[in-house]
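# Coordinate analysis (summary)
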Amino acid sequence: MRSSPLYLEPRLEPRLRSVLQATDFLHTLVDALGSPLNVVLPEQITENEERFRAVYQRHHLSGDLYFAHKANRSSALVRQLAVTGAGMDVASLAELQHVLGAGFTPDRIMATGPKNREFLWLAARAGVIVNLDSKAELESLAELVGKYVLPRVRVMLRLSAFQAPGVKVLSRPSRFGSHVSELDTLLDAVERHRDAVELIGVAYHLDTIGLPEKAVALETCIRVMNECQRRGLQPRAIDIGGGFGVNYLADGGQWERYTTELTNAVLGRRPALTWQGHGYGLRSESGTLRGALGLYPAHRPVAAEGYLDELLSYPAPSLGRPLATLLLENLYDLVIEPGRALVDQCGVALARVLEVRHTPTGDCLVRVEMNGGDVSLEEHGVLMDPVVIPRDGSRPAPDAEAVGVYLIGNLCLEADLITRRMVFLPGLPKPGDLLAFANTAGYFMDFSADHALQQPIARKVAAYQENGTWRWRLDEQYWPITCTGEQS
Amino acid sequence: MRYDSITDVIGNTPLVRISPAVHGLKNIDLYAKLEMLNPFGSVKDRAAWNMTRGGLATAMERGDSIVELSSGNTAKALAVIAGLHGLPFKSVTNRMKVPEIKDLLLLLGAEIEELPGQTECLDPTNTDDPLTRIHRVLSESETGYLHTDQYYSALNTEAHIAGTGPEILRDLDGHAPDYFIACVGTAGSSTGVATVLRGHNPAIDVVGLVAHKSDFIPGIRNIDEVHEVGLFDPATYDTIESVSADEAIDGMLTLVRRCGMLAGPTGGGAYHGAVRHLRKVDAELTERRTAVFIVCDRVESYMSYVRKRRPELLNQPPRQNSVAGLAPAELTAATVIDVESAQKWIAEDHPLVIDLRGPFAYAALHIEGSINIVDELFDELLHGGLPFGRSRPVLLACPVGEKSVRYAALLTRMGHPDVRSLSGGIIGWRDAGAPLVRD
């Protein structure tokens, strides 16, 4: 019996759907610029930012939004944000240089993460906000400010290891930030270096989708801010980091069906769904399921600005009031650093199909002109089907039978699979067709791409609409003043 | 009936017939096994007692803690049993989804550890299921533990092989029913009862109920999660069907409103699943049949669960003097006052300044001389009438002036002649450079 296809179709909003329907446009691009090719949609990021702003307005909150640059290296996306009111969260020296060159003024830039001396110096020299990872970093910064006679630097303190009241809420230990238990020494140091730094807020970023942990952290920050004020410091902002998530899949039913069947496959109750029976973290021990599903929850009914809204409406664990109310009535600004969620629907990675092959063991292999590093969905645990863009513009015949295929890459490596799972496609692709990995602008496009085997890294183009037609420029040639979506 | 210990009261629960007028089945007598009448409130009392009774003496001698992975009834029963014997109880859980149970466990003296939520970025080093994690914690721990291990322990199933199953047979005059329907949580009760009943009637139809995958029904696992349960064996059940949270609540409503059984959503799910399954076979039957389902626990702990999913079931009549009832015209007509005028007014006429923010925020910074009545409390006060005289002018302040204008409108409607709302709120006050103090 042939098993029915287990699709995981991507969620496509109108702009992304429209560019995927422009098949001639995409084929021309890949013909000219090679495979793989990344396409970003800068106009979408403006729309995403507005959605986050609307949540601020609903809760009467003020404060800034900083795009976590590490999600995508694109210049077009960064420059597009330069014309809106957004800020940039940079985590390396090169990222800082990039955003300064894209038109961001220092008041709209925040340097985060652990930093080397050069990064710290440029941040201080340019006058951007420095989100301090540790007391040692504060000391280095103060030393640089003194030695090179730099202006006073605005800083935030990143905190970690928050303790919940009542029920003990465990959190994964974080490599980043200062322990809340060492707050006093940290604030002593801030006071000691008062002439070098100005404390403007406190920060956290927790790698979890769990609201209770975040509520504990946010409430603790409110208490810490109070302590700062008691000491005569005057911080105004609480930075809650990112981690708002993205809903990748169009249909929750498909996700549920897929994960159920994956469980059955791991337990040996159906044919394998993955290369070599890989279980994505699940395993079978004498018929009982063990392990944890190591996948991003690709269908997330509450994600991005919706998740922020839910967090802000969540009651604080000990003070009881909703977190947004607490921020508001304590007169604090809210700072967020969305990455993935801000570039939701902002891009697509394209790869040309090179070969379609059937193995004697019955598997169908589709070899594409890209490798696992070019679209790192698998590395980030996101399972989502590519969209087939046929060369000849035809759609699969309505009676075409769905096929389960393995997508293999262009590296001479057994392990180079685009994904270890069998991907179901509505029909067998042909050499020359394109596979479009939609909604990959956040972390999947250029985060892990490299030059192994001297294979090319994808070029990047910015696509935008003009009078209903799709136009493009090389990413580095895109400036928002020439492509406003109206007249150039 | 007289007992020496509350644990002797566990078991021997009644089997009560559901009226055919309620379920509408023509040829089937449907019985509810009322496990909610166990002393600590659920079917889990049996397993909890059976899993601990043998190890208690040693645990007391050594001062061990009882440990279990549970966020519900098992934790509740174990907490009581641990307390009875002077032992600490620790519950490790993924997420306490039912706040009433969480509070109750704290009240019973349990220590609760909630495991971290799923990571947002994929962390390949994080591959543990909660149970593996518990085993690791226990093996690393210095002090002794009595780990009851409800998802794997044969003592869980045994409690029902020795108790629940034979009781049903006894109450049906030695006959096994033709149908047995139970929700699958740890699989202990369904497996134990099914084993006994099938021994008497190999033709019995056993239905296991699981939750819809995207739904949460307390105490029931979904179709994927059941595979994580060591006691779960698909061969126990002739059919596995799923119920949604909505269906479970509908079933619960039938039990509480029409059957006089104050059952929780798990029992409701079992009732709904039972009737749905039996309706399919009822019309074809030519002779009378018997069916039994289990009512696991009681409704009282699930009010917030119901409130979240079906708020309309708990709706309150509209209250008098409520901001919700204000007309747009009343809001526009409310008097607002800007910061500068407010400062002058305070200096000249000494209005009562009421800060509607929370006490924590008020304590940090406020307008000098203001009093703090948090909005929730103010709202309560106003239901009863004006909490101050009409002769005293009042200035209301909230963070941005949005709530205060509503209360100003409400107070005006209630007959207060001079109440004003601080435009822009405390944030506007601060931004205008007006003084805020900390006492």
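The preceding data block contains the structure.
Here's a quick rundown of the structure. What you see is a predicted model; the values in this text were computed from it and never measured.

## Topic: helix α2 (residues 23-33) of chain A
- Among all positions in α2(A), only A:T23, A:F25, A:L26, A:H27, A:L29, A:V30 and A:L33 are buried.
- A:G34, located one to two residues past α2(A), shows a positive phi value of around 90°.

## Let's talk about the environment of A:K168
- Take A:K168: it is sitting in strand β7 (residues 168-169).
- A relative accessible area of 39% places A:K168 in the partly exposed class.

## Remarks on the pairing of strand β12 (residues 288-291) of chain A
Residues and elements named next belong to chain A.
- Of the strand pairs in this sheet, strand β11 (residues 282-285) and β12 are connected by four bridges, and their pairing is antiparallel. Counterpart to R283 in the pairing with β12 is R290.
- In textbook terms, the turn of a hairpin is the stretch between consecutive antiparallel strands, and for β11 and β12 this stretch comprises two residues, one of which, S286, has a positive phi near 40°.

## Regarding the pattern of salt bridges
Residue and element names in this part refer to chain A.
- Tallied over the entire structure, the rule returns 57 salt bridges over all chains.
- One salt bridge in this structure joins D184 and R231, with 3.3 Å as the shortest N-O distance. Highlighted residues: D184 in helix α8 (residues 183-192) and R231 in the loop between α9 (211-230) and β10 (237-239), separated in sequence by 47 residues.
- The partly exposed category is assigned to D184, whose relative accessible area is 45%.
- Take R231: its relative accessible area is 18%, and that puts it in the buried class.

## Notes on the environment of A:W470
Residue and element names in this part refer to chain A.
- Here W470 is to be found in strand β21 (residues 469-474).
- For W470, a relative accessible area of 9% puts it in the buried group.
- Look past the residues within four positions of W470 in its chain and what remains in contact with it is R15, S18, V19, A22, F25, L41, A463, Y464 and Q465.
- One polar contact links W470 to S18, side chain to side chain, over a distance of 2.7 Å.

## Looking at the interface of chain A and chain B
- Between chain A and chain B, the residue contacts involve 52 residues of the former and 50 residues of the latter.
- Of all residues in chain A, A:V167, A:R172 and A:L331 give up the largest surface area on contact with chain B, accounting jointly for 16% of the area buried on that side.
- Linking chain A with chain B are two salt bridges, by the criterion used here.
- Here A:R321 and B:E376 are joined by a salt bridge, their closest N and O atoms 3.3 Å apart.
- The interface formed by chain A and chain B includes eleven residue pairs in polar contact (both at pLDDT 80 or more).
- Counting only elements with at least two residues in the side of chain A that touches chain B, the list comes to β7, α9, α10 (252-266), β12 and α12 (323-329) of chain A.
- In terms of residues, the side of chain A that touches chain B owes the most to one element, α9(A), which gives seven residues.
- Residues belonging to the side of chain A that touches chain B are distributed by class as follows: 16 nonpolar, 19 polar and 17 charged.
- As judged from the two bridges shared by β7(A) and strand β5 (residues 111-114) of chain B, these two strands associate in the parallel manner. Looking at β5(B), one finds that A:V169 is bridged to B:E114.

Conventions used here
- Residues numbered from 1 in each chain as written.
- Chains lettered and ligands numbered in written order.
- Predicted model: local features only at pLDDT ≥ 70, side-chain atom pairs only at ≥ 80, totals over all residues.
- Heavy atoms only, no water.
- Buried < 20%, exposed > 50% of the residue type's maximum accessible area, 1.4 Å probe, protein only.
- Helix = DSSP H or I, 4+ residues; strand = E, 2+ residues; numbered from the N terminus.
- Pairing = 2+ DSSP bridges.
- Salt bridge = Lys/Arg side-chain N within 4 Å of Asp/Glu carboxyl O.
- Contact = heavy atoms within 4.5 Å.
- Polar contact = N/O pair within 3.5 Å; in protein donor to acceptor, adjacent residues only side chain to side chain.
- Buried area = accessible area lost by both parts, 1.4 Å probe.
- Nonpolar A, V, L, I, M, F, W, Y, C, P; charged D, E, K, R; others polar.

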